[in-house]
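Analysis of the macromolecular model
One-letter residues, chain by chain:
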Amino acid sequence: MLSVSEIKHFINDDRTSLRKQFAKKGLEYYEARHDIKDYKVYYFDEDGILQEDKTKANERISHPFFTELTDQCVQYMLSGDTPIVRSDIPELQNLLNEYFDDDFKMELNDLLTYTGIEGFSYLYRYADEDMKTRFKFADGVNVVEVPAKYTSDGKAYVIYYYYWKTEKKKVIHKIEVWDDEKVYYYNMTNGTTIKKDEEMPERYHVQYSEGEEKYYDTFGDIPFIRLDNNRKQFSDLKTIKDLIDDYDLMSCGLSNNIQDFAEGFYVVKGFQGHSMSELTQAIRVKKQVGVGENGDVDIKTVNIPYEARKTKLELDETNIYRFGMGFNSNQLGDGNVTNVVIKSRYALLDLKANKKEMQLRRMMKKLIKIVLDEINKESKTSYSMNDVYMVFDRVVPSNEVDNATIAQTEANTRQTEINTLLNLATYLDNETMMQNICEVLDIDYEHIKDKLPSEDDESVDATTAQATLTAEPIEDDAQGGTEGAANAQAAQERTSTYKITSIIDKYHKGSLTKPAATRLLKGLGVSDEDIEEYLVDA
C-alpha cells in the first residue's frame, strides 16, 4: 500500500499539473467566474507611479456562454426517452433496465457535463445493499491515477479525495486510496496533514454478511473508469476562451464608457485653486467651480463608439457558437423556419455530439461488459456483447406544419400504392397481394399471415376468386360434369359476396377511395345503381 508521504506527494504533483490547472479553469468558466472578474483599471500619477484607479467605472460582468454550450450538448445527447442500452432479447432487456435506469442516467449526465468542462471525468463501480453493481460519478479534478512504475510496491493505485467539512477553521478532505483488491481511508487537514481515518478501516471492494458469517469480494481491478473529452483530454473551453474573454471585455468596456462619459469632460479656464485633485473634487462633490475674471467652464461630450462595439460583440457571439459548435437560439431567419432550416442550425451541435458519442460508446462497452458478466454469473446465462447494442436518440424541435404536410404526403403515397395493387388483384394470387400490401403498410407479413383466411377456405378460395375476377369458368378436375359445375358456381357466388363486402367495408373505413372501390366493384359485375347504393347509402 502507499505510504502517507507518497499520497501527499502524488496529490500535490497532480494539483499543480497543467492538465488539472486548465481543468479548474474550465470549472471556473462554467460557474461564470471569468478572468474579467480580476480586471482592474490603472493610471500613472503625477510622479509616474502606476496606481489602480478606483474612481473610474469598472464593470466586471461574466457572460456564461460556456455554461450554455456545455449544458446544451449534454441535454441534446440525452434528450431521448428510450433506453440507451438495448437488447432484442426481452429477458436480457429487463435485466439491463435494472442496471441502466434513471439513476444511472443522472450519473451519466454529470459525467458528460464535467467531461466537457474539465476534459475528463470518471465513473466508479460499487455494490449496493442488494450486492448489485452500480456506477457513480467522480469529479476528474479530484482523482489521481498513479501508475505502478511510480509506486514503492510496484502496484497501480487511484487516489480519490473530496471536501468533507470545515471544523474549527480546519478544512478537512476525505481521501480514498484504491488498488485492485482493497480501499484505504485517510483524512487530509488544510491540504497538508494526512492521517489514517480511524473510523474507516481498510476494506475489500465488496463486503457482505449472511447471518453471522461475513464475506469479502473484489472487483478484480481498480473500479474507476475514465471518460476523455478528446485524445489530449482538453476542455471544450480551450477553443473559445479567448473569444469569451474578448466579449466580456467589449461588453464591460461599453458599460464603463457609458458611465464614465455620462457627464462629459469639463474644460476649465482660470480655475482659482491649487491642484487638479482640488478641481476634480469640486466638480464631483460640489458640482461647481470657482474661476477668475476671464475664467470659463465648458462641458464637452464624447461620442461613445457604440456601433463599433456592437458589431464586435455580434461577431464574437457568432464565433463563440461557431467554434464552440453549438446552437445559437438568437440566430435570426426570414421567418420561414422549415425542418430543413432547423436541421441546418443544429448541424454543428450534431457534429459535436457525434464526436462525444464515439468517446462515450468506448467507455459504455466497458460498463456493459461488467454488467453482462454479473448477469451471466447470477442467472447462469451466457449473454455476450453481441446481444447488446446502444442507441442515443436525439430530439430536435420541428415545424408542426411541415410534419403534418409530410405525414399527409406519405399517407397519400401509401393509398396510391394500395390502389395500384388492388387494381392488379386479377393478376396476383392472394399471398402475393397480401405480402405487397403489408410491405406498403410496414406490417410484418410473417407475423400476421396465420391470422389471414386460409387458401383452403372454400369461402375465399384463391383459385375460385381468380376465376370470378377474370369471369372465366372453373373446371373441377376431381368431380367434373354437372355436379362440379354447380359446386364451382356456388363457390363463385360466395367468393363474389365476400369480395364485394370486403371492398365496401374498406371504403367506409377510409382504406379505399370511391373511384378505386367503384372500379373493383365493376370488375365483380356489380351494376352502377348498386355501386351508388353501396358506396353512398350503405
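Residues numbered from 1 in each chain as written. Predicted model: local features only at pLDDT ≥ 70, side-chain atom pairs only at ≥ 80, totals over all residues. Heavy atoms only, no water.

The subject of this paragraph is the overall build of the chain. Looking only at helices and strands, the chain features 17 helices and 17 strands. Put simply, the chain has 538 residues, and 37% of those count as buried. Intrachain contacts of the chain at a sequence separation of at least 6 include 60% that bridge at least 24 residues. Element-wise, carbon and sulfur atoms account for 50% of the exposed surface of the chain, whose accessible area totals about 32600 Å². (Helix = DSSP H or I, 4+ residues; strand = E, 2+ residues; numbered from the N terminus. Buried < 20%, exposed > 50% of the residue type's maximum accessible area, 1.4 Å probe, protein only. Contact = heavy atoms within 4.5 Å. Areas by Shrake-Rupley, 256 points an atom, 1.4 Å probe, with all protein chains shown as cover.)

Here the focus is the pattern of salt bridges. Inspection of the entire model under this criterion finds 29 salt bridges. Between Glu98 and Lys132 there is a salt bridge, and its shortest N-O distance comes to 3.5 Å. Residue Glu98 is found in helix α4 (residues 90–99), and its partner Lys132 is found in the loop between β4 (120–127) and β5 (133–138); the two are separated by 34 residues along the sequence. Overall, the relative accessible area of 16% leaves Lys132 in the buried class. In this structure, Lys165 and Glu167 form a salt bridge, with 3.2 Å as the shortest nitrogen-oxygen distance. Glu167 gets classed as partly exposed once you look at its relative accessible area, which sits at 38%. Residues joined by salt bridges that share partners form a network here, namely Lys25, Glu28, Asp35, Lys241 and Asp245. (Salt bridge = Lys/Arg side-chain N within 4 Å of Asp/Glu carboxyl O.)

Moving on, we come to the pairing of strand β10 (residues 193–196). Of the strand pairs in this sheet, strand β9 (residues 182–189) and β10 are connected by four bridges, and their pairing is antiparallel. Bridge assignment links Tyr186 to a residue of β10, and that residue is Lys196. The antiparallel pairing of β9 with β10 creates a hairpin that spans three residues between the two strands, and Asn190 there sits at a positive phi of about 55°. (Pairing = 2+ DSSP bridges.)

Time to look at the packing of aromatic side chains. A ring pair, where both rings are aromatic, is described by two values, the distance of the centres and the angle of the planes. Counted according to the given criterion, the structure contains 15 aromatic pairs. Both rings, one in Phe65 and one in Tyr321, keep their centres 6.0 Å apart while their planes meet at 85°; by these two values the pair is edge-to-face. In this pair, Phe65 sits in helix α3 (residues 65–77) while Tyr321 sits in helix α8 (residues 306–323), placing the two residues 256 residues apart along the sequence. Look at Phe65 and you get buried, because its relative accessible area is 10%. Judged by its relative accessible area of 5%, Tyr321 falls in the buried class. (Phe/Tyr/Trp six-rings, centres within 6.5 Å; stacked < 30°, edge-to-face > 60°.)

The next subject is the packing of α3 against helix α10 (residues 347–379). Axis angle and axis distance: for two packed helices, these are the angle between their axes and the distance between the axes, and together they describe the pair. Two numbers describe how α3 lies on α10: the axes approach to 10 Å, and their chain directions differ by 70°. The orientation of α3 relative to α10 falls into the category roughly perpendicular. Relative to α10, the crossing made by α3 is right-handed. In this structure, α3 uses Leu69, Gln72, Cys73, Tyr76 and Met77 to contact α10, whose residues at the interface are Leu349, Asp350, Lys352, Ala353, Lys356, Glu357 and Leu360. When the residues that make up the contact of α3 with α10 are grouped by side-chain class, the tally is seven nonpolar, one polar and four charged. (Axes fitted to C-alpha atoms, helices over the stretch in contact; angles between N-to-C directions. Parallel < 35°, antiparallel > 145°, perpendicular 65-115°, else oblique. Left-handed = near helix turned anticlockwise from the far one by under 90°. Nonpolar A, V, L, I, M, F, W, Y, C, P; charged D, E, K, R; others polar.)

For the rest of this paragraph, the subject is helix α16 (residues 514–523). Every buried residue of α16 is listed here: Ala516, Ala517, Thr518, Leu520 and Leu521. Of the residues flanking the end of α16, it is Gly525, one or two places downstream, whose phi is positive at about 85°.

Our focus in this paragraph is a positive patch on the surface. A cluster of basic residues, Lys37, Lys40, Lys54 and Arg60, forms a positive patch at the surface. Tracing the sequence through the fold places Arg60 in the loop between β2 (50–52) and α3. (Patch = residues over 30% accessible without salt bridge, like charges linked within 9 Å, V, L, I, M, F, W, Y side chains within 5 Å. Lys, Arg positive; Asp, Glu negative; His and termini not counted. Charge placed at Lys NZ, Arg CZ, Asp CG, Glu CD.)

With that settled, consider the side chain of Asn376. Along the polypeptide, Asn376 turns up in helix α10. Among the polar contacts made by the side chain of Asn376, one reaches the main-chain amide nitrogen of Ser382 at a distance of 3.5 Å. (Polar contact = N/O pair within 3.5 Å; in protein donor to acceptor, adjacent residues only side chain to side chain.)

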